[in-house]
Amino acid sequence: MKVNGTHYRTVWMENHTVQMIEQNRLPFTFSTVALATHTATAEAISNMTVRGAGAIGAAAGFAMAQGFFEQQGSPALPHAAKTTILATRPTAQNLFYAVEKVWAAGVKGGADAAVAEANFLADADADASRCIGEFGGALIADHANILTHCNAGWLAFVDYGTALSPIYHAHAAGKSPRVWVDETRPRGQGARLTAWELSQAGIACDIIADNAAAHFMARGEVDLIIVGADRIAANGDTANKIGTLERAICANHFNIPFYIAAPIATIDANCSNGNAIPIEERSADEVLWQQGIDQQGQNHTIRVAAEGVSARNPAFDVTPATLITGIITEQGIIAASDAGKTATHGSRSS
Ligand code: MRU
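Note that the structure is a prediction, hence the values are computed from the model and not measured.

Reading the values: rules and limits
Residues numbered from 1 in each chain as written. Predicted model: local features only at pLDDT ≥ 70, side-chain atom pairs only at ≥ 80, totals over all residues. Heavy atoms only, no water. Pairing = 2+ DSSP bridges. Helix = DSSP H or I, 4+ residues; strand = E, 2+ residues; numbered from the N terminus. Axes fitted to C-alpha atoms, helices over the stretch in contact; angles between N-to-C directions. Near = heavy atom within 4 Å. Polar contact = N/O pair within 3.5 Å; in protein donor to acceptor, adjacent residues only side chain to side chain. Areas by Shrake-Rupley, 256 points an atom, 1.4 Å probe, with all protein chains shown as cover. 1 Å grid on protein atoms, 1.4 Å probe; cavity = no way out; pocket = protein on both sides within 12 Å on 5 of 7 lines; lining within 4 Å. Sits in = over half its atoms within 2 Å of the grid points. Nonpolar A, V, L, I, M, F, W, Y, C, P; charged D, E, K, R; others polar. Phe/Tyr/Trp six-rings, centres within 6.5 Å; stacked < 30°, edge-to-face > 60°. Buried < 20%, exposed > 50% of the residue type's maximum accessible area, 1.4 Å probe, protein only. Core = buried A, V, L, I, M, F, W, Y, C linked by side-chain atoms within 4.5 Å. Contact = heavy atoms within 4.5 Å. Points joined across faces, edges and corners; volume = space filled by probe spheres on them.

Section: the sheet that holds strand S3 (residues 11–14)
Thought 1: Spatial ordering of the open sheet is given by S3-S4-S5, a layout of three strands whose pairing is antiparallel. Every interior strand has two partners, whereas the edge strands, S3 and strand S5 (32–35), have only one. Strand-to-strand, the axes of this sheet are offset by a mean angle of 25°, without reference to chain direction.

A few points about the site of the ligand
Thought 1: In the region of the ligand, 18 residues are neighbours, and Arg51, Arg89, Gln189, Asp230 and Lys241 sit closest.
Thought 2: In the model, an oxygen atom of the ligand is placed 2.8 Å from a nitrogen or oxygen of the arginine 89 side chain.
Thought 3: At 2.9 Å from an oxygen atom of the ligand is found a main-chain nitrogen or oxygen belonging to asparagine 151.
Thought 4: About the coverage of the ligand: the protein hides 100% of its 400 Å² of free accessible area.
Thought 5: At a threshold of 2 Å from the grid points, most atoms of the ligand map onto the second largest cavity.
Thought 6: Residues that form the shell around the ligand fall into these classes: nine nonpolar, five polar and four charged.

Some details on the packing of aromatic side chains
Thought 1: A full pass over the atoms with the stated rule returns five aromatic pairs.
Thought 2: When the ring of tryptophan 180 is compared with that of phenylalanine 216, the centres are 4.3 Å apart and the planes differ by 25°; the resulting orientation is stacked. Placement of tryptophan 180 in strand S7 (residues 178–182) and of phenylalanine 216 in helix H7 (residues 213–218) is noted, with a sequence separation of 36 residues between them. Take tryptophan 180 and phenylalanine 216: they sit in the same class, and that class is buried.

Some thoughts on the pairing of strand S15 (residues 299–303)
Thought 1: Both strand S14 (residues 289–293) and S15 contribute to a ladder of five bridges, which runs antiparallel. Within S15, the residue paired with glutamine 291 across the bridge is threonine 301.
Thought 2: Remark: five residues form the turn of the hairpin made by S14 and S15, two consecutive strands paired antiparallel; glycine 297 in that turn has positive phi of roughly 85°.

Remarks on the nonpolar core
Thought 1: If you look at the biggest cluster of nonpolar residues, it comprises 37 residues, and the most contacted ones within it are Val11, Met20, Met64 and Ile85.
Thought 2: Counting only elements with at least two residues in this core, the list comes to S3, strand S4 (17–21), helix H1 (38–46), helix H2 (53–69), helix H3 (77–86) and helix H4 (93–137).
Thought 3: In this view, methionine 20 contacts Thr10, Val11, Trp12, Ser31, Thr32, Val33, Leu35, Thr41, Ala44, Thr49, Val50 and Ala59; residues no more than four positions away in its chain are not counted.

Re empty space enclosed by the protein
Empty space among the atoms can be located by rolling a probe the size of a water molecule over them.
Thought 1: A full pass over the atoms with the stated rule returns three cavities of 30 Å³ or more.
Thought 2: Along the wall of the second largest cavity there are 19 residues; nearest its centre are Arg51, Gly52, Ala53, Asn151 and Asp230.
Thought 3: Among the secondary structure elements, those contributing two or more residues to the lining of the second largest cavity are H2 and strand S11 (238–241).
Thought 4: The class makeup of the residues in the lining of the second largest cavity is nine nonpolar, six polar and four charged.

Thoughts on unusual backbone geometry
Thought 1: In this chain, leucine 26 is followed by proline 27 through a cis amide linkage whose omega measures 5°.
Thought 2: When you line up the elements, proline 27 lands in the loop between S4 and S5.
Thought 3: A cis amide bond links arginine 185 to the next residue, proline 186, at an omega of 5°.
Thought 4: By the secondary structure assignment, proline 186 is in the loop between S7 and helix H6 (189–200).

Points about the sheet that holds strand S16 (residues 316–319)
Thought 1: Spatial ordering of the open sheet is given by S13-S10-S11-S16, a layout of four strands whose pairing is mixed. The sheet is open, and its two borders are formed by strand S13 (267–268) and S16, each paired with just one other strand.
Thought 2: Alignment of strand S10 (residues 231–233) against S11, held across two bridges, turns out to be antiparallel. Counterpart to isoleucine 232 in the pairing with S11 is threonine 238.
Thought 3: Strands in contact with helix H8 (residues 244–253) are S11 and S16; relative to S16, the strand with the most contacts, it is inclined by about 30°.

As for the layout of surface pockets
Thought 1: Roughly 490 Å³ of volume is contained in the largest pocket.
Thought 2: In this structure, the largest pocket is lined by 21 residues; those nearest its centre are Pro186, Arg187, Gly188, Arg192 and Gln291.
Thought 3: The set of elements that each furnish at least two residues to the lining of the largest pocket consists of H6, helix H9 (285–288) and S14.
Thought 4: In terms of residue count, the dominant contributor to the lining of the largest pocket is H6 (four residues).
Thought 5: Considering only residue class, the lining of the largest pocket consists of six nonpolar, eight polar and seven charged.

Okay, here's the thing in structure tokens:
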């Protein structure tokens, strides 16, 4: 995707250094960071410098490759690196998928093979997202009003994105979609990232407060909902950013098509149903404090609740397969109940 006319991927590797867009500073400042060690890359995953299932997966694959490069004289290092990377974030399946693939390549062929596999997986993520755009684009009528939650755009993957990729495709085909962007508290991925991405691409959008989505659905102002996924169980139950479940229940009530867009790498065939998906619980501070800039452009963190109150902060929820109209994958649109079968037949390797 282009930022101010220059093409960027979200995360990439140069020599043995991982480069990534610093997402915590968006939309106010666009910058990239260079991470020289697997420890630094793992920390960037934990602190959400890079976030979103596909981008996390690519970063984790590169971090695993760094672990093999740092090995000299320390044979146990790749294994320790693997443990560190796997502990960064628990829900996004793409992280586990990428680390296992790069680990297997490194054990078999050494550090160069690990880097080659990590690059292959990053390219495969971008390819899958592009194909998701083609299949999903066909669902979008001219002037359709589409609602999305969180950020499943190109920032959440290596390029193109998943939920936003069909919208980019439809726009490139001459259609004029309009997007309702849930702000997505507490981290604000919709307001901060999705709205920025869509604006960069010249696509019309409005940020809405999270609790306004049902209102617009009830008024007939939402034609279609497309969201991403962090992990899809074999039976099609899908973990995605907290708040997705509410959107799916409302969509069902108002008879609005509700699609998940995700690469096959997001399907965990070993996870039989949504109850088995680990749900990350993040710091209560993300609920109690908010970050932003003032009118002079200075960054601030402000408290938005009384001192001494407590908060809970589950980062994801699980939407049952029965509420999902279909899953848009790089191989076409599948029934949610076919997720496990599709993962077993459809995974790729270099
Ligand atoms: O916590 P995040 O920002 O890493 O959450 C991941 C997401 O961006 C969303 O859940 C998204 O909709 C899934 S697609 C990557």
